[in-house]
Amino acid sequence: MESGSWMCSMSLTKMGIRSRIPMSLTEFNSSFKYRSLKRSVGVEASANYTTIELIGTDRPGLLSEIFAVLTNQQCNIVASEMWTHNMRIASVVLVTDISTGLPIYDTNRLEKIKQLLSYVLKGSTDISFNSTHVERRLHQIMYANHDYERGGEETCTLRGHVEVTVENCNDKGYITVNAKCNDRPKLLFDTVCTLTDMHYMIFHATVIAEGPEAYMEFYVRHIDGVRIISEGERQRIVHSLEDAIRRRSPEGIRLELCCEDRVGLLAEVTRIFRENGLSVTQAEVTTRESKAFNTFYVVDASGEQVRPETIEEVRNVIGQTILHVKDELVECSSSQARFSLGNLFKSRSEKFLYNLGLIRSS
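Residues numbered from 1 in each chain as written. Predicted model: local features only at pLDDT ≥ 70, side-chain atom pairs only at ≥ 80, totals over all residues. Heavy atoms only, no water.

**Q** Please explain the pairing of strand 4 (residues 75–85) as it appears in this structure.
**A** Put simply, side chains in a regular strand alternate between the two faces of the sheet. The buried fraction of strand 4 amounts to nine of the eleven residues, a majority that puts the element mostly inside the structure. Looking at chain direction, strand 4 and strand 5 (residues 88–97) are connected through ten bridges and run antiparallel. Note on strand 5: the bridge partner recorded for Ser80 is Val93. Two successive antiparallel strands, strand 4 and strand 5, enclose a turn made up of two residues, where Asn86 displays a positive phi of approximately 50°. For strand 4 and strand 11 (residues 278–288), the ladder comprises four bridges, and the chain directions are antiparallel. Among the inter-strand pairings, Ser80 is bridged to a residue of strand 11, identified as Val285. (Buried < 20%, exposed > 50% of the residue type's maximum accessible area, 1.4 Å probe, protein only. Helix = DSSP H or I, 4+ residues; strand = E, 2+ residues; numbered from the N terminus. Pairing = 2+ DSSP bridges.)

**Q** Sorry, what's going on with the side chain of Glu81 here?
**A** With respect to the secondary-structure elements, Glu81 resides in strand 4. We note that Glu81 is buried and unpaired, the nearest opposite charge coming from Arg248 at a distance of 4.5 Å. At a separation of 3.4 Å, a polar atom in the side chain of Glu81 contacts the side chain of Trp83. If we skip the residues at most four places from it in the chain, Glu81 touches Ala90, Ser91, Val92, Val134, Glu135, Leu138, Ala283 and Glu284. (Lys, Arg positive; Asp, Glu negative; His and termini not counted. Salt bridge = Lys/Arg side-chain N within 4 Å of Asp/Glu carboxyl O. Polar contact = N/O pair within 3.5 Å; in protein donor to acceptor, adjacent residues only side chain to side chain. Contact = heavy atoms within 4.5 Å.)

**Q** What's the story with the packing of helix 7 (residues 265–275) against helix 8 (residues 308–318) in this structure? I'm lost.
**A** A pair of packed helices is characterised by two quantities: the angle between their axes and the separation of those axes. Closest axis-to-axis distance for the helix 7/helix 8 pair is 10 Å, and the angle between their directions is 150°. Taken together, the axes of helix 7 and helix 8 are roughly antiparallel relative to one another. The element helix 7 and its partner helix 8 pack so that their crossing is right-handed. Where helix 7 approaches helix 8, its residues Val269, Ile272 and Phe273 are matched on the opposing element by Val314, Val317 and Ile318. Taken together, the residues of the contact of helix 7 with helix 8 sort by class into six nonpolar, no polar and no charged. (Axes fitted to C-alpha atoms, helices over the stretch in contact; angles between N-to-C directions. Parallel < 35°, antiparallel > 145°, perpendicular 65-115°, else oblique. Left-handed = near helix turned anticlockwise from the far one by under 90°. Nonpolar A, V, L, I, M, F, W, Y, C, P; charged D, E, K, R; others polar.)

**Q** Explain the packing of aromatic side chains here, please?
**A** Aromatic ring pairs are reported here in terms of the distance separating the ring centres and the angle at which the planes meet. Taken as a whole, this structure holds three aromatic pairs when the rule is applied. Their ring planes at 45° and their centres at 5.7 Å tell us that Tyr174 and Phe203 sit as a pair that is tilted. Here Tyr174 is found in strand 7 (residues 174–182), whereas its partner Phe203 is found in strand 8 (residues 200–210), with 29 residues between them in sequence. Both residues of the pair, Tyr174 and Phe203, count as buried. Consider the rings of Tyr174 and Tyr219, whose centres lie 5.9 Å apart with planes at 75°: the pair is edge-to-face. Taken together, the residues span a long stretch of sequence, with Tyr174 in strand 7 and Tyr219 in strand 9 (residues 213–222) at a distance of 45 residues. (Phe/Tyr/Trp six-rings, centres within 6.5 Å; stacked < 30°, edge-to-face > 60°.)

**Q** When you look at the nonpolar core in this model, what are you seeing that I'm missing?
**A** Nonpolar side chains tend toward joint burial in soluble globular proteins. Membership of the largest hydrophobic core comes to 43 residues, with the highest contact counts inside it found for Leu70, Phe273, Phe296 and Val298. Excluding anything up to four places from it in sequence, Val298 contacts Glu251, Gly252, Ile253, Leu255, Phe273, Leu278, Ser279, Val280, Val306 and Ile311. (Core = buried A, V, L, I, M, F, W, Y, C linked by side-chain atoms within 4.5 Å.)

**Q** What exactly am I supposed to notice about the pairing of strand 12 (residues 291–300) here?
**A** Of all ten residues in strand 12, seven are buried; the element is thus mostly enclosed. Direction of pairing for strand 10 (residues 253–260) relative to strand 12: antiparallel, over a ladder of eight bridges. If you follow Cys258 over to strand 12, its bridge partner there is Phe293. Pairing geometry for strand 11 and strand 12, over ten bridges, is antiparallel.

**Q** Please clarify how the packing of helix 4 (residues 134–144) against helix 6 (residues 231–247) should be interpreted in this entry.
**A** Two elements in contact, helix 4 and helix 6, have axes whose closest approach is 11 Å; the angle formed by their N-to-C orientations is 135°. The pairing of helix 4 with helix 6 is recorded here as oblique in orientation. For the pair helix 4 and helix 6, the crossing hand works out as right-handed. In this structure, helix 4 uses His139, Met142 and Tyr143 to contact helix 6, whose residues at the interface are Arg236, Ser240, Ala244 and Arg247.

**Q** Just to check I follow, could you spell out the environment of Pro185 for this structure?
**A** Tracing the backbone shows Pro185 in the loop between strand 7 and helix 5 (187–197). On the accessibility criterion, Pro185 (66% relative accessible area) is exposed. The spatial distance from the C-alpha of Pro185 to the C-alpha of Arg248 is 9.8 Å, given a sequence separation of 63 residues.

**Q** Even after reading the chapter, I still don't get the pattern of salt bridges, so can you show me in this structure?
**A** Once the charged atoms of two side chains with opposite charge are near each other, the side chains can pair. All told, the structure shown has 17 salt bridges when counted by the stated rule. As a salt-bridge pair, Arg248 and Glu135 come within 3.0 Å of each other at their nearest N and O atoms. Here Arg248 is found in the loop between helix 6 and strand 10, whereas its partner Glu135 is found in helix 4, with 113 residues between them in sequence. Overall, the relative accessible area of 10% leaves Arg248 in the buried class. Of the charged contacts, one joins Asp190 and Arg248 as a salt bridge, the two residues approaching to 2.6 Å between their closest N and O atoms. Residue Asp190 is located in helix 5, and its partner Arg248 is located in the loop between helix 6 and strand 10; the two are separated by 58 residues in the primary sequence.

Dropping the structure here:
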(Lines give C-alpha, C1' and ligand atoms only; values in the text may rest on other atoms or scores of the structure.)
Protein backbone atom coordinates (compact mmCIF):
# COMPACT_ATOMS: atom_id res chain seq x y z
CA MET A 1 0.00 0.00 0.00
CA GLU A 2 3.06 2.22 -0.17
CA SER A 3 2.12 3.23 -3.72
CA GLY A 4 -1.64 3.25 -3.25
CA SER A 5 -4.45 5.65 -2.53
CA TRP A 6 -7.34 5.10 -0.16
CA MET A 7 -10.89 6.46 -0.21
CA CYS A 8 -12.73 5.79 3.03
CA SER A 9 -16.18 7.04 3.99
CA MET A 10 -15.22 7.76 7.56
CA SER A 11 -14.01 10.70 9.61
CA LEU A 12 -11.44 10.60 12.38
CA THR A 13 -13.20 12.77 14.92
CA LYS A 14 -10.74 12.02 17.69
CA MET A 15 -7.55 13.87 16.87
CA GLY A 16 -5.51 11.48 18.97
CA ILE A 17 -6.33 8.70 16.50
CA ARG A 18 -4.59 10.52 13.65
CA SER A 19 -1.30 10.71 15.49
CA ARG A 20 -1.47 7.08 16.59
CA ILE A 21 -2.14 5.60 13.13
CA PRO A 22 1.36 6.21 11.63
CA MET A 23 3.01 4.89 14.79
CA SER A 24 0.84 1.75 14.81
CA LEU A 25 1.47 1.09 11.13
CA THR A 26 5.23 1.41 11.64
CA GLU A 27 5.21 -1.01 14.57
CA PHE A 28 2.91 -3.40 12.70
CA ASN A 29 5.06 -3.39 9.57
CA SER A 30 8.34 -3.86 11.45
CA SER A 31 6.96 -6.85 13.35
CA PHE A 32 5.91 -8.79 10.26
CA LYS A 33 8.17 -11.32 8.59
CA TYR A 34 7.28 -14.08 6.16
CA ARG A 35 8.10 -17.54 7.46
CA SER A 36 7.12 -21.14 7.14
CA LEU A 37 3.68 -21.63 8.68
CA LYS A 38 3.07 -25.38 8.36
CA ARG A 39 3.05 -26.41 11.99
CA SER A 40 0.85 -27.67 14.77
CA VAL A 41 2.72 -26.25 17.77
CA GLY A 42 5.27 -23.44 17.82
CA VAL A 43 7.08 -22.15 20.92
CA GLU A 44 9.14 -19.00 21.27
CA ALA A 45 10.50 -16.94 24.18
CA SER A 46 10.49 -13.14 24.30
CA ALA A 47 11.55 -10.65 26.96
CA ASN A 48 8.28 -10.93 28.90
CA TYR A 49 6.70 -14.31 28.11
CA THR A 50 6.84 -17.47 26.07
CA THR A 51 4.55 -17.60 23.04
CA ILE A 52 2.87 -20.86 22.09
CA GLU A 53 1.12 -21.20 18.73
CA LEU A 54 -1.42 -23.97 18.16
CA ILE A 55 -3.22 -25.28 15.11
CA GLY A 56 -5.31 -28.42 14.88
CA THR A 57 -8.69 -30.01 14.29
CA ASP A 58 -11.37 -28.57 16.52
CA ARG A 59 -13.43 -30.78 18.82
CA PRO A 60 -15.36 -30.35 22.09
CA GLY A 61 -13.11 -30.17 25.15
CA LEU A 62 -9.92 -29.31 23.23
CA LEU A 63 -9.34 -25.92 24.89
CA SER A 64 -9.82 -27.54 28.30
CA GLU A 65 -7.12 -30.11 27.46
CA ILE A 66 -4.71 -27.42 26.26
CA PHE A 67 -5.09 -25.32 29.43
CA ALA A 68 -4.87 -28.42 31.63
CA VAL A 69 -1.54 -29.41 30.02
CA LEU A 70 -0.11 -25.91 30.44
CA THR A 71 -1.17 -25.71 34.08
CA ASN A 72 0.25 -29.18 34.77
CA GLN A 73 3.55 -28.03 33.25
CA GLN A 74 3.71 -25.09 35.67
CA CYS A 75 2.80 -22.46 33.08
CA ASN A 76 0.91 -19.31 34.03
CA ILE A 77 -1.32 -18.17 31.15
CA VAL A 78 -0.90 -14.41 30.81
CA ALA A 79 -3.03 -13.96 27.70
CA SER A 80 -4.53 -16.00 24.92
CA GLU A 81 -6.72 -15.69 21.86
CA MET A 82 -8.42 -18.60 20.11
CA TRP A 83 -10.49 -18.85 16.93
CA THR A 84 -12.32 -21.79 15.41
CA HIS A 85 -13.38 -22.05 11.78
CA ASN A 86 -14.23 -24.86 9.35
CA MET A 87 -13.48 -27.52 11.96
CA ARG A 88 -10.06 -26.03 12.74
CA ILE A 89 -8.72 -24.28 15.82
CA ALA A 90 -5.94 -21.70 15.94
CA SER A 91 -4.63 -20.17 19.14
CA VAL A 92 -1.80 -18.00 20.42
CA VAL A 93 -1.06 -18.41 24.13
CA LEU A 94 1.35 -16.24 26.15
CA VAL A 95 2.75 -17.96 29.24
CA THR A 96 5.31 -17.46 31.99
CA ASP A 97 6.86 -19.78 34.55
CA ILE A 98 4.67 -20.07 37.65
CA SER A 99 7.57 -19.94 40.11
CA THR A 100 9.56 -17.06 38.58
CA GLY A 101 7.05 -15.09 36.55
CA LEU A 102 9.59 -15.07 33.72
CA PRO A 103 9.59 -16.60 30.22
CA ILE A 104 10.46 -20.29 29.95
CA TYR A 105 13.89 -20.77 28.37
CA ASP A 106 14.66 -24.37 29.35
CA THR A 107 14.77 -26.20 26.01
CA ASN A 108 14.02 -29.60 27.56
CA ARG A 109 10.97 -28.23 29.32
CA LEU A 110 9.76 -26.47 26.18
CA GLU A 111 10.20 -29.67 24.20
CA LYS A 112 8.10 -31.59 26.71
CA ILE A 113 5.35 -28.95 26.53
CA LYS A 114 5.42 -29.17 22.74
CA GLN A 115 5.19 -32.94 22.79
CA LEU A 116 2.20 -32.94 25.13
CA LEU A 117 0.38 -30.25 23.15
CA SER A 118 1.16 -32.02 19.88
CA TYR A 119 -0.38 -35.16 21.34
CA VAL A 120 -3.50 -33.18 22.19
CA LEU A 121 -3.64 -31.72 18.67
CA LYS A 122 -2.62 -34.96 16.92
CA GLY A 123 0.03 -33.17 14.84
CA SER A 124 3.73 -32.41 14.29
CA THR A 125 5.76 -29.69 16.04
CA ASP A 126 8.05 -26.82 15.13
CA ILE A 127 9.84 -23.92 16.85
CA SER A 128 9.63 -20.28 15.81
CA PHE A 129 11.84 -17.40 16.86
CA ASN A 130 9.82 -14.56 15.32
CA SER A 131 6.68 -12.87 16.57
CA THR A 132 3.99 -10.67 15.08
CA HIS A 133 0.60 -9.14 15.81
CA VAL A 134 -1.49 -11.83 17.54
CA GLU A 135 -4.67 -11.39 15.48
CA ARG A 136 -2.72 -11.25 12.24
CA ARG A 137 -0.85 -14.35 13.30
CA LEU A 138 -4.15 -16.18 13.83
CA HIS A 139 -5.15 -15.31 10.27
CA GLN A 140 -1.79 -16.59 9.01
CA ILE A 141 -2.05 -19.82 10.98
CA MET A 142 -5.57 -20.52 9.69
CA TYR A 143 -4.63 -19.62 6.11
CA ALA A 144 -1.50 -21.79 6.19
CA ASN A 145 -3.65 -24.66 7.40
CA HIS A 146 -5.94 -24.16 4.38
CA ASP A 147 -9.09 -23.49 6.36
CA TYR A 148 -10.44 -21.82 3.21
CA GLU A 149 -10.56 -25.16 1.37
CA ARG A 150 -13.95 -26.81 0.94
CA GLY A 151 -14.38 -30.55 1.15
CA GLY A 152 -17.01 -32.76 -0.44
CA GLU A 153 -19.67 -31.10 1.70
CA GLU A 154 -19.91 -27.42 2.38
CA THR A 155 -18.18 -26.90 5.74
CA CYS A 156 -18.39 -23.13 5.84
CA THR A 157 -20.15 -21.96 8.98
CA LEU A 158 -23.15 -19.66 8.85
CA ARG A 159 -21.44 -16.61 10.35
CA GLY A 160 -23.26 -13.93 8.41
CA HIS A 161 -23.81 -13.32 4.71
CA VAL A 162 -20.62 -12.53 2.79
CA GLU A 163 -20.33 -11.78 -0.94
CA VAL A 164 -16.91 -11.63 -2.58
CA THR A 165 -16.26 -11.20 -6.31
CA VAL A 166 -12.92 -11.13 -8.13
CA GLU A 167 -12.50 -9.99 -11.71
CA ASN A 168 -9.69 -9.28 -14.15
CA CYS A 169 -9.73 -5.59 -15.05
CA ASN A 170 -7.62 -5.77 -18.18
CA ASP A 171 -8.15 -2.20 -19.38
CA LYS A 172 -6.78 -0.78 -16.12
CA GLY A 173 -4.17 -3.44 -15.47
CA TYR A 174 -5.53 -4.44 -12.08
CA ILE A 175 -7.46 -7.26 -10.46
CA THR A 176 -10.62 -5.93 -8.81
CA VAL A 177 -11.81 -7.45 -5.54
CA ASN A 178 -15.24 -6.54 -4.16
CA ALA A 179 -16.68 -7.60 -0.82
CA LYS A 180 -20.08 -6.98 0.78
CA CYS A 181 -20.88 -8.13 4.31
CA ASN A 182 -22.11 -7.05 7.71
CA ASP A 183 -20.01 -4.24 9.14
CA ARG A 184 -18.05 -4.91 12.31
CA PRO A 185 -14.88 -3.77 14.10
CA LYS A 186 -11.58 -4.82 12.47
CA LEU A 187 -13.25 -5.83 9.20
CA LEU A 188 -10.81 -3.81 7.09
CA PHE A 189 -7.86 -5.14 9.09
CA ASP A 190 -8.90 -8.75 8.46
CA THR A 191 -9.43 -8.17 4.74
CA VAL A 192 -6.24 -6.24 4.05
CA CYS A 193 -4.07 -8.63 6.06
CA THR A 194 -5.39 -11.59 4.08
CA LEU A 195 -4.73 -9.93 0.72
CA THR A 196 -1.22 -9.02 1.90
CA ASP A 197 -0.51 -12.55 3.14
CA MET A 198 -1.63 -13.84 -0.26
CA HIS A 199 1.07 -11.59 -1.77
CA TYR A 200 -1.28 -9.04 -3.33
CA MET A 201 -0.44 -5.34 -3.29
CA ILE A 202 -3.33 -2.90 -2.91
CA PHE A 203 -3.04 0.16 -5.13
CA HIS A 204 -6.50 1.72 -4.72
CA ALA A 205 -9.39 1.02 -2.39
CA THR A 206 -12.85 2.30 -1.56
CA VAL A 207 -14.49 1.43 1.74
CA ILE A 208 -18.09 2.42 2.51
CA ALA A 209 -19.92 1.61 5.74
CA GLU A 210 -23.63 2.44 5.62
CA GLY A 211 -25.87 1.20 8.36
CA PRO A 212 -25.25 -2.45 9.18
CA GLU A 213 -23.44 -3.27 5.93
CA ALA A 214 -19.96 -2.59 4.59
CA TYR A 215 -18.78 -2.44 0.98
CA MET A 216 -15.11 -2.76 0.02
CA GLU A 217 -13.48 -2.50 -3.39
CA PHE A 218 -9.78 -3.12 -3.95
CA TYR A 219 -7.61 -2.74 -7.04
CA VAL A 220 -4.72 -5.14 -6.58
CA ARG A 221 -1.81 -6.78 -8.34
CA HIS A 222 0.21 -9.79 -7.33
CA ILE A 223 3.72 -8.93 -6.13
CA ASP A 224 5.17 -10.78 -9.12
CA GLY A 225 3.34 -8.36 -11.42
CA VAL A 226 0.65 -10.73 -12.66
CA ARG A 227 -2.49 -8.79 -13.62
CA ILE A 228 -4.60 -11.62 -15.02
CA ILE A 229 -5.45 -14.58 -12.78
CA SER A 230 -6.75 -18.06 -13.50
CA GLU A 231 -10.14 -19.38 -12.43
CA GLY A 232 -8.47 -21.48 -9.72
CA GLU A 233 -6.69 -18.45 -8.27
CA ARG A 234 -9.90 -16.42 -8.45
CA GLN A 235 -11.69 -19.05 -6.38
CA ARG A 236 -8.82 -19.13 -3.88
CA ILE A 237 -9.07 -15.36 -3.35
CA VAL A 238 -12.85 -15.53 -2.98
CA HIS A 239 -12.78 -18.37 -0.42
CA SER A 240 -9.83 -16.87 1.49
CA LEU A 241 -11.51 -13.49 1.90
CA GLU A 242 -14.87 -15.04 2.79
CA ASP A 243 -13.19 -17.03 5.54
CA ALA A 244 -11.05 -14.10 6.74
CA ILE A 245 -14.26 -12.11 7.22
CA ARG A 246 -16.06 -14.98 8.97
CA ARG A 247 -13.26 -16.23 11.26
CA ARG A 248 -13.60 -13.43 13.76
CA SER A 249 -17.41 -13.57 13.74
CA PRO A 250 -18.29 -15.51 16.90
CA GLU A 251 -20.77 -18.35 17.32
CA GLY A 252 -22.73 -19.14 20.43
CA ILE A 253 -23.54 -17.44 23.71
CA ARG A 254 -21.06 -14.90 25.00
CA LEU A 255 -19.81 -15.45 28.55
CA GLU A 256 -17.56 -13.00 30.36
CA LEU A 257 -15.43 -14.00 33.33
CA CYS A 258 -14.01 -11.23 35.51
CA CYS A 259 -12.26 -12.07 38.77
CA GLU A 260 -8.96 -12.12 40.60
CA ASP A 261 -6.39 -13.93 38.50
CA ARG A 262 -4.77 -17.07 39.85
CA VAL A 263 -2.77 -20.00 38.58
CA GLY A 264 -4.98 -22.70 37.07
CA LEU A 265 -8.04 -20.45 36.68
CA LEU A 266 -8.49 -21.13 32.96
CA ALA A 267 -7.91 -24.86 33.34
CA GLU A 268 -10.60 -24.99 36.02
CA VAL A 269 -13.13 -22.85 34.14
CA THR A 270 -12.76 -24.70 30.82
CA ARG A 271 -12.93 -28.04 32.67
CA ILE A 272 -16.32 -26.98 34.07
CA PHE A 273 -17.40 -25.99 30.55
CA ARG A 274 -16.32 -29.41 29.25
CA GLU A 275 -18.01 -31.36 32.05
CA ASN A 276 -21.27 -29.53 31.26
CA GLY A 277 -21.04 -30.27 27.54
CA LEU A 278 -20.01 -26.75 26.42
CA SER A 279 -17.70 -26.27 23.45
CA VAL A 280 -15.73 -23.01 23.12
CA THR A 281 -15.83 -21.53 19.61
CA GLN A 282 -13.85 -18.38 20.38
CA ALA A 283 -11.93 -17.09 23.38
CA GLU A 284 -10.00 -14.01 24.42
CA VAL A 285 -7.99 -14.06 27.62
CA THR A 286 -6.34 -10.99 29.13
CA THR A 287 -4.75 -10.15 32.45
CA ARG A 288 -4.49 -6.61 33.81
CA GLU A 289 -2.50 -6.33 36.99
CA SER A 290 -4.14 -8.93 39.24
CA LYS A 291 -7.46 -9.14 37.38
CA ALA A 292 -8.49 -11.69 34.76
CA PHE A 293 -10.80 -10.54 31.97
CA ASN A 294 -11.86 -13.49 29.84
CA THR A 295 -14.47 -13.79 27.09
CA PHE A 296 -15.80 -17.10 25.78
CA TYR A 297 -18.33 -17.93 23.08
CA VAL A 298 -19.87 -21.34 23.70
CA VAL A 299 -22.19 -23.81 21.97
CA ASP A 300 -23.08 -27.32 23.01
CA ALA A 301 -20.97 -30.30 21.93
CA SER A 302 -23.10 -30.72 18.80
CA GLY A 303 -22.67 -27.10 17.75
CA GLU A 304 -26.22 -26.16 18.74
CA GLN A 305 -27.57 -23.52 21.09
CA VAL A 306 -26.85 -24.14 24.77
CA ARG A 307 -29.88 -24.60 26.97
CA PRO A 308 -30.41 -21.71 29.44
CA GLU A 309 -30.54 -24.25 32.29
CA THR A 310 -27.04 -25.48 31.38
CA ILE A 311 -25.68 -21.94 31.42
CA GLU A 312 -27.19 -21.36 34.84
CA GLU A 313 -25.71 -24.61 36.15
CA VAL A 314 -22.28 -23.53 34.94
CA ARG A 315 -22.69 -20.09 36.50
CA ASN A 316 -23.70 -21.66 39.79
CA VAL A 317 -20.51 -23.74 39.85
CA ILE A 318 -18.11 -20.98 38.72
CA GLY A 319 -19.88 -18.13 40.48
CA GLN A 320 -22.88 -16.01 39.55
CA THR A 321 -21.02 -12.81 40.41
CA ILE A 322 -17.96 -13.47 38.23
CA LEU A 323 -19.41 -15.28 35.17
CA HIS A 324 -21.94 -13.25 33.22
CA VAL A 325 -24.03 -13.83 30.10
CA LYS A 326 -23.43 -10.67 28.08
CA ASP A 327 -25.77 -11.17 25.15
CA GLU A 328 -28.06 -13.61 23.46
CA LEU A 329 -27.09 -16.37 21.08
CA VAL A 330 -24.86 -15.41 18.17
CA GLU A 331 -25.85 -17.47 15.13
CA CYS A 332 -24.49 -20.99 15.21
CA SER A 333 -23.23 -23.17 12.42
CA SER A 334 -25.43 -25.87 10.97
CA SER A 335 -25.48 -29.17 12.78
CA GLN A 336 -23.74 -30.78 9.81
CA ALA A 337 -20.76 -28.48 10.24
CA ARG A 338 -19.89 -29.65 13.74
CA PHE A 339 -19.54 -32.87 15.64
CA SER A 340 -22.79 -34.37 16.81
CA LEU A 341 -21.30 -37.05 19.04
CA GLY A 342 -20.87 -34.79 22.04
CA ASN A 343 -20.77 -37.50 24.67
CA LEU A 344 -18.20 -39.51 22.72
CA PHE A 345 -15.79 -36.59 22.50
CA LYS A 346 -16.40 -35.67 26.10
CA SER A 347 -15.36 -39.19 27.14
CA ARG A 348 -12.29 -39.05 24.88
CA SER A 349 -11.27 -35.75 26.40
CA GLU A 350 -11.63 -37.08 29.93
CA LYS A 351 -9.70 -40.24 29.00
CA PHE A 352 -6.81 -38.14 27.69
CA LEU A 353 -6.67 -36.00 30.85
CA TYR A 354 -6.89 -39.12 33.01
CA ASN A 355 -3.94 -40.68 31.15
CA LEU A 356 -1.91 -37.56 31.90
CA GLY A 357 -2.89 -37.75 35.53
CA LEU A 358 -4.73 -34.43 35.36
CA ILE A 359 -8.11 -35.78 36.55
CA ARG A 360 -9.13 -38.62 38.80
CA SER A 361 -11.12 -41.63 37.71
CA SER A 362 -14.75 -41.58 38.74
